[in-house]
Amino acid sequence: MIGRRPVAGRQVIDVHAHLGPYSLFYIPEPGAQQMVDVMDRTGTQVTVVAANRAIQQDAHLGNSETLAAVDAHPSRIAAYAVINPWQDPERELERLAADDRFVGIKVHPTLHQYPVTGARYAAVWAFAAETGCPVLSHSQHGSAYDAPALFETVADRYPDAPVILGHAGISPAGVDEAVDAASRYPSLWLEVCGSQMTGQLITGMVERVGSRRVLFGSDFPFIDQRMSLGRVVYASLTEDEREDVLGGNARRLFRWRPLPGDPGELQ
C-alpha cells in the first residue's frame, strides 16, 4: 500500500464529493474504501460526501448510505445530508439536526428541477441561517434553477445562511457570475471543482473575493481528486492563500464533530 503523502505538509479537506454509482454515466471505483485509498495518496485528511442515490433517487435511503460510509471511515469521510425539495425536506432536516455525523447540507436544484428561490427550499435556508450549517448547492451558468445570480436572492432573504456555490457556476462565464454574486454577498462561498475549472480561474476567484471564501472541492469520483487538487497546488497563489483554499476555510466553516485520530484537530 502506498503511504499517505501530504501536499506540501498540509492537511487537505475536500468539500465536494460523491459516493456510489450514478445513473447517467459509469464511474469506476465509486465506493468509500476506494476513495480513501486515493485520499491516502493525495494527503487528503477528510472528504465530505453526498451519496448519488440520495441525489438521484431517495434522499432518506441515500443519506443512510452516506452515514454508513462515515461509520466505516470515521476519521476520513464526513456526510452531507441531501435535501430533495420533492421528498419531505423537513424530515431530512430534522434528521440532520439530530445527527452530528452530518456536517453540512447538499442540494442539487438542476437535477431536482426546482429553483433555489422556491418555497420548498425555504426550510433549508432558514435552518442554515439559524445554525450556521453550510449548504453546498450545485450552481450552473444559464440554469433556471441554480444560476449563480439566483443565489443573490437567497442571500438577501437569509443573510446569515452560509451557501457554497458548487462548481462556482461551472463555465468561465459562470465563474464570472459566481464571483460577482460572492463579491456582493459575504454569505456566498465559491467552490472550485468542475471539468472546465483551471488554476487561472481559481487565482481570479481569490483575487476578487479573497482567499477566505474559496473552498477546495474535487467532484470526486466524477473527476479524479488528484487532478482537481493539482489545479489548486499549481495555481498562482501565495502559500497563505493556498492554505485557506485547501483546508483552512473548511475547518472554519463546517460544523465538525470530534473525530477519531488527527481530524479531531478540526475542532
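Refer to the structure printed above.
First, a word on what this report is: a plain description of the structure on this page. (Residues numbered from 1 in each chain as written. Predicted model: local features only at pLDDT ≥ 70, side-chain atom pairs only at ≥ 80, totals over all residues. Heavy atoms only, no water.)

## Observations concerning the state of the cysteines
As enumerated under the stated definition, the model contains zero disulfides in all. You can see Cys133 has no disulfide; the closest cysteine sulfur is in Cys193, sitting 18 Å from it. Judged by its relative accessible area of 1%, Cys133 falls in the buried class. (Disulfide = S-S within 2.5 Å. Buried < 20%, exposed > 50% of the residue type's maximum accessible area, 1.4 Å probe, protein only.)

## Considering the environment of Arg101
Examined against the element boundaries, Arg101 turns out to sit in the loop between α4 (89–98) and β4 (102–107). Taking the C-alpha atoms as reference points, Arg101 and Gln140, separated by 39 residues in sequence, lie 28 Å from one another. When sequence neighbours within four positions are dropped, the list of residues in contact with Arg101 reads Leu67, Val70, Asp71, Ala79 and Arg257. Polar contacts involving the side chain of Arg101 include one to the side chain of Asp99, which spans 2.7 Å. (Helix = DSSP H or I, 4+ residues; strand = E, 2+ residues; numbered from the N terminus. Contact = heavy atoms within 4.5 Å. Polar contact = N/O pair within 3.5 Å; in protein donor to acceptor, adjacent residues only side chain to side chain.)

## Here we look at the pairing of strand β2 (residues 44–51)
For a regular strand, side-chain orientation follows a simple rule: the groups alternate between the two sheet faces. In terms of burial, β2 is a largely internal element, eight of the eight residues being buried. Pairing geometry for strand β1 (residues 12–19) and β2, over six bridges, is parallel. Within β2, the position partnered with His18 by the bridge is Ala50. Here β2 pairs with strand β3 (residues 77–82) via three bridges, running parallel. Following the sheet pairing, Val49 is matched in β3 by Ala79. (Pairing = 2+ DSSP bridges.)

## Description of the environment of Asp176
Residue position: Asp176 is located in helix α8 (residues 172–184). The class for Asp176 is partly exposed, based on a relative accessible area of 41%.

## Considering unusual backbone geometry
Backbone torsion omega between Phe220 and Pro221 reads 0 degrees, so that peptide bond is classified as cis. By the element assignment, Pro221 lies in the loop between β8 (214–215) and α10 (225–233). One non-glycine residue, Ala168, lies in positive phi territory at about 50 degrees. As for its placement among the helices and strands, Ala168 is situated in the loop between β6 (163–166) and α8. Residue Ala168 is classed as buried on the basis of its relative accessible area, which comes to 0%. Phi angles above zero are rare outside glycine, and Asp219 is one such case at about 65 degrees. Inspection of the secondary structure assignment puts Asp219 in the loop between β8 and α10.

## Notes on the packing of helix α3 (residues 59–72) against α4
At a closest axis distance of 10 Å, the pairing of α3 and α4 adopts a crossing angle of 20 degrees. Judged by the angle between their axes, α3 and α4 are roughly parallel. For α3 against α4, the interelement crossing comes out right-handed. Across the interface between the two elements, Ala59, His60, Asn63, Ser64 and Leu67 of α3 pack against Arg91, Glu92 and Arg95 of α4. Classifying every residue of the contact of α3 with α4 by side-chain character gives two nonpolar, three polar and three charged. (Axes fitted to C-alpha atoms, helices over the stretch in contact; angles between N-to-C directions. Parallel < 35°, antiparallel > 145°, perpendicular 65-115°, else oblique. Left-handed = near helix turned anticlockwise from the far one by under 90°. Nonpolar A, V, L, I, M, F, W, Y, C, P; charged D, E, K, R; others polar.)

## Considering the packing of aromatic side chains
Each aromatic ring pair is described using two quantities: the centre-to-centre distance and the angle formed by the ring planes. Following the criterion strictly, the structure yields six aromatic pairs and no others. A centroid spacing of 4.8 Å and a plane angle of 50 degrees characterise the contact between Tyr22 and Phe222, whose relative ring orientation is tilted. In this pair, Tyr22 is assigned in the loop between β1 and α1 (32–42) and Phe222 in the loop between β8 and α10, connecting sequence segments 200 residues apart. The exposure class of Phe222 is partly exposed, given its relative accessible area of 25%. Following the ring pairs from residue to residue traces out a cluster consisting of Trp86, Tyr114, Tyr121 and Trp125. (Phe/Tyr/Trp six-rings, centres within 6.5 Å; stacked < 30°, edge-to-face > 60°.)

## As for the side chain of Glu191
Tracing the backbone through its elements, the reader meets Glu191 in strand β7 (residues 188–191). For Glu191, which is buried and forms no salt bridge, the nearest opposite charge comes from Lys106, at a distance of 7.2 Å. Each residue touching Glu191, except ones within four places of it in the same chain, is listed here: Val15, His16, Leu136, Ile164, Leu165, Gly166, His167, Ala168, Leu215, Gly217 and Ser218. (Lys, Arg positive; Asp, Glu negative; His and termini not counted. Salt bridge = Lys/Arg side-chain N within 4 Å of Asp/Glu carboxyl O.)

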